[in-house]
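Descriptive structure summary
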Amino acid sequence: MNATQEKAKQSEQIARASIGRLRNELLAETWMLTNGQPAERKVTILRGWLLDEIETRMERATTVWEDLFPNEMQRDRFDEWLTADSAPGSDFVSPLPYLS
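The rules behind these values
- Residues numbered from 1 in each chain as written.
- Predicted model: local features only at pLDDT ≥ 70, side-chain atom pairs only at ≥ 80, totals over all residues.
- Heavy atoms only, no water.
- Helix = DSSP H or I, 4+ residues; strand = E, 2+ residues; numbered from the N terminus.
- Buried < 20%, exposed > 50% of the residue type's maximum accessible area, 1.4 Å probe, protein only.
- Contact = heavy atoms within 4.5 Å.
- Areas by Shrake-Rupley, 256 points an atom, 1.4 Å probe, with all protein chains shown as cover.
- Polar contact = N/O pair within 3.5 Å; in protein donor to acceptor, adjacent residues only side chain to side chain.

Quick notes on the overall build of the chain
Helix and strand content of the chain: five helices and zero strands. Listing the helices and strands of the chain from first to last along the sequence gives α-α-α-α-α. Evaluated residue by residue, the chain yields a buried proportion of 23% over its 100 residues. Contacts in the chain between residues at least 24 apart in sequence constitute 53% of all its contacts with a sequence separation of at least 6. If you sum the accessible surface of the chain, you get close to 7200 Å²; carbon and sulfur atoms cover 55% of it.

A closer look at the environment of M58
Structurally, the position occupied by M58 is in helix α3 (residues 41-68). Between the alpha carbons of M58 and F78 there is a distance of 5.9 Å; along the sequence they are 20 residues apart.

Digging into the side chain of R57
Structurally, the position occupied by R57 is in helix α3. Looking at R57, the relative accessible area reads 8%, which means it is buried. Among the polar contacts made by the side chain of R57, one reaches the main-chain carbonyl oxygen of I19 at a distance of 3.4 Å. The residues touching R57, leaving out its near neighbours within four places in the chain, are I19, G20, R21, L22, R23, N24, L27 and L99.

Structure below.
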């Protein structure tokens, strides 16, 4: 790995760690701010990192819910949010309600 690739890898690790420290409200707000932005490389990379963190948190929330209520039928919160966010004719949907 050359110096440029190493620097890019370190920058990504720092960015992902920063995103991981965001409160749910700020994570959702950051996601919503990227909606409608031109699909430039930096925006798509940021959205990918945000999606990874949102998915991780929703999986954690689902796991906690399943531990508390093992007999309840569970839906995948991440897929539920993605479906709502990408429905035809709908506005962008904040992930915040799905993170709690």
